Amino acid sequence: MPPNQDQGFQELGGQDNRWLEKQQASNKKSKWMAIGGIVALVGLITVGIVVGVTLSKHSSSALADSNSTSTVTQTNPNDPSTFKPDSRLIKSFYGLAYTPEGSQLPNCGNKIEDVITDIQRIRLYGADCNQSALVLDAIQQTKVNMTIYLGNYVVANDNGAAYTRQRDEIQSVIQTFGPDHITGITVGNEFMLNYLTANGATDPNSAIGNQGAALLKANIDDTRTMITNMNLNKHLTIGTADAGAFFNTLVLQDVEFGMSNVHPWFANVSIANAADWTANFFKTFNSEPAAALSNTPEMFIAETGWPTKSSDVSNETNGPSNASDANLQVFLDTFVCQANTNGTGYFFFEYFDEPWKDVQFGGVEGYWGLFNSDRTLKDVKIPNCPVA
């Protein structure tokens with residue numbers, strides 16, 4: 001973090017967006033990892049998704065068949081790798097955030113056939129409720145060229161139960177499917193934000209922040225030991241994900257990458273300024289501070305996007321702008337091409353709308369997808385600015 005954080009926040013939006021992030025954390029639980037990324041539901045999703053989609057240098061092309069239904073056309077109905085691409089989907093995204101449907105504990109209901117359908121539409125990844133195995137199995141069956149980040153959602157007050165369970169699952173998945181389609185492992189999703197909030201603090205580098213960092217670092221180091229013992233330490237990288245303003249320096253010094261959730265909607269930024277605000281925030285509070293560390297961890301935007309709908313009138317706007325397909329199109333046109341030009345690694349939030357989030361949280365929570373919940377493309381056009 002820069003020495004004068006408050007000044008930096010004022011320059012980026014005229015308000016302290018760290019507090020906005022904390023406010024949203026109390027009622028917004030769709031953050032993932034993974035990428036979701038990375039997307040982990042606090043208290044329910046344990047192994048978060050850290051998106052492995054990459055319609056760019058990590059993958060060969062954007063694939064989908066978005067007709068009026070969610071059915072994917074295959075030239076051979078018995079071979080999932082023979083699906084028909086959709087010409088509307090251009091490989092313009094670095095990555096996408098995705099949660100397989102039916103992957104929320106304790107009511108796991110995901111199925112390999114559904115994950116195969118999703119893989120055929122865009123590259124994706126999930127972990128909990130056997131998500132990791134399902135997605136890697138689907139990658140093998142569809143023969144898509146993609147890599148993923150495995151995620152471990154760490155809970156601070158459970159004596160390591162969630163971490164250990166997920167660590168063992170990750171190890172089993174790697175042993176079963178091998179490391180070829182895995183880029184790295186993300187340990188912790190918004191752990192520092194949640195730890196600080198639970199302990200009445202705001203500064204990730206305060207004494208309380210460093211206490212939380214010590215807990216997280218122990219899990220990161222344990223994961224690295226596991227990977228080293230599997231002789232994969234030169235193949236897989238270890239990182240963490242958190243809200244944009246809540247990275248602890250000690251944690252960043254212990255990882256190869258960091259994934260930052262940066263949402264202009266929740267910072268009450270207008271759609272006209274959303275792309276520039278996102279780029280400036282990420283540069284000021286994530287990429288530049290990380291570059292100044294001796295280990296120079298690679299930084300990604302783990303989540304960013306724009307909602308298209310709200311289930312209630314009070315959340316239809318963030319103040320200056322509305323949730324709508326039209327504004328999602330503006331963000332696509334301005335952010336995606338700008339980020340691709342600047343070489344920013346990002347995971348767009350998210351693949352499709354998720355009705356369960358609307359039921360549980362309301363507001364805009366269920367409506368961040370590029371696709372509707374039935375996997376039909378929304379009234380948007382993917383920008384034609386492929387990643388080099």
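Residues numbered from 1 in each chain as written. Predicted model: local features only at pLDDT ≥ 70, side-chain atom pairs only at ≥ 80, totals over all residues. Heavy atoms only, no water.

- Under the annotation held in an unreviewed UniProt entry, the protein chain carries the name glucan endo-1,3-beta-D-glucosidase and is attributed to Athelia psychrophila.
- Under the UniProt heading Function (unreviewed entry), the note attached to the protein chain is "Glucanases play a role in cell expansion during growth, in cell-cell fusion during mating, and in spore release during sporulation. This enzyme may be involved in beta-glucan degradation. Active on laminarin and lichenan." (UniProt positions renumbered as here; feature names shortened; annotations may be inferred.)

1. Comments concerning the environment of Ala339
Right, on to step 1. Here Ala339 shows up in helix α10 (residues 325–342).
Right, on to step 2. Residue class for Ala339 comes out buried when judged on its relative accessible area of 3%.
Right, on to step 3. Sequence separation between Ala339 and Thr278 is 61 residues, and the spatial gap between their C-alpha atoms is 9.7 Å.
Right, on to step 4. Residue contacts for Ala339: discarding those within four places in its chain leaves Thr344 and Tyr346. (Helix = DSSP H or I, 4+ residues; strand = E, 2+ residues; numbered from the N terminus. Buried < 20%, exposed > 50% of the residue type's maximum accessible area, 1.4 Å probe, protein only. Contact = heavy atoms within 4.5 Å.)

2. Topic: the packing of helix α6 (residues 191–198) against helix α7 (residues 207–229)
Angle between the axes and distance between the axes are the two parameters that describe a pair of packed helices.
Right, on to step 1. α7 packs onto α6 with a crossing angle of 135 degrees between their chain directions and a minimal axis gap of 9 Å. Considered as vectors, α6 and α7 are oriented oblique to each other. For the pair α6 and α7, the sense of crossing is right-handed. In contact with Phe191, Met192, Tyr195 and Leu196 of α6, α7 contributes Ile208, Gly209, Gln211, Gly212, Ala213, Leu215 and Leu216.
Right, on to step 2. Among the residues making up the contact of α6 with α7, the classes are represented as eight nonpolar, three polar and no charged. (Axes fitted to C-alpha atoms, helices over the stretch in contact; angles between N-to-C directions. Parallel < 35°, antiparallel > 145°, perpendicular 65-115°, else oblique. Left-handed = near helix turned anticlockwise from the far one by under 90°. Nonpolar A, V, L, I, M, F, W, Y, C, P; charged D, E, K, R; others polar.)

3. Topic: the state of the cysteines
Right, on to step 1. Inspection of the entire model under this criterion finds one disulfide.
Right, on to step 2. Across the disulfide from Cys337 sits Cys385; the S-S distance is 2.2 Å. Judged by the sign of its S-S torsion, about -90 degrees, the bond between Cys337 and Cys385 is left-handed. Taken together, the positions of Cys337 in helix α10 and Cys385 in the segment after α11 (355–361) put the pair 48 residues apart, joining distant regions of the chain.
Right, on to step 3. Of the residues examined, Cys385 reaches a relative accessible area of 14% and is grouped as buried. (Disulfide = S-S within 2.5 Å.)

4. Observations regarding the packing of aromatic side chains
Right, on to step 1. One pass over the structure, following the stated rule, counts 19 aromatic pairs.
Right, on to step 2. Seen in terms of ring centroids, Tyr94 and Phe300 are 6.0 Å apart; in terms of plane orientation they differ by 40 degrees. Their pairing is tilted. A residue pair is termed long-range when its members are at least 10 positions apart, and Tyr94 in the loop between β1 (32–39) and α3 (112–121) and Phe300 in strand β6 (residues 298–304) qualify at 206 residues.
Right, on to step 3. For Tyr94, a relative accessible area of 6% corresponds to the buried category.
Right, on to step 4. Relative to Tyr195, the ring of Phe191 has its centre 6.0 Å away and its plane inclined at 15 degrees; by these criteria the two rings are stacked. Remark: Tyr195 and Phe191 occur in helix α6; sequence separation between them is four residues, near one turn of the helix. (Phe/Tyr/Trp six-rings, centres within 6.5 Å; stacked < 30°, edge-to-face > 60°.)

5. What about the pairing of strand β5 (residues 257–261)?
Right, on to step 1. Within β5, five of the five residues are buried, which leaves it mostly tucked inside the rest of the structure.
Right, on to step 2. Residues Phe257, Met259 and Asn261 point to one face of β5 and Gly258 and Ser260 to the other, with burial holding for every one of them.
Right, on to step 3. Strand direction decides the pairing type here: strand β4 (residues 237–243) and β5, joined by five bridges, are parallel. Bridge pairing links Ala241 to Met259 in β5.
Right, on to step 4. When β5 meets β6, the two strands line up parallel, connected through five bridges. In the strand pairing of β6, Ser260 is matched with Ile301. (Pairing = 2+ DSSP bridges.)

6. Remarks on the pattern of salt bridges
Right, on to step 1. Tallied over the full model, the rule gives 10 salt bridges.
Right, on to step 2. For Asp254, the salt bridge goes to Arg224, with nearest N and O atoms at 3.8 Å. Placement of Asp254 in the loop between α8 (249–252) and β5 and of Arg224 in helix α7 is noted, with a sequence separation of 30 residues between them.
Right, on to step 3. For Lys283, the salt bridge goes to Glu288, with nearest N and O atoms at 3.9 Å.
Right, on to step 4. By relative accessible area, Lys283 is classed as partly exposed at 45%.
Right, on to step 5. Look at the salt bridges and you will find they share partners, linking Lys217, Asp221, Arg224, Asp254 and Glu256 into a network. (Salt bridge = Lys/Arg side-chain N within 4 Å of Asp/Glu carboxyl O.)

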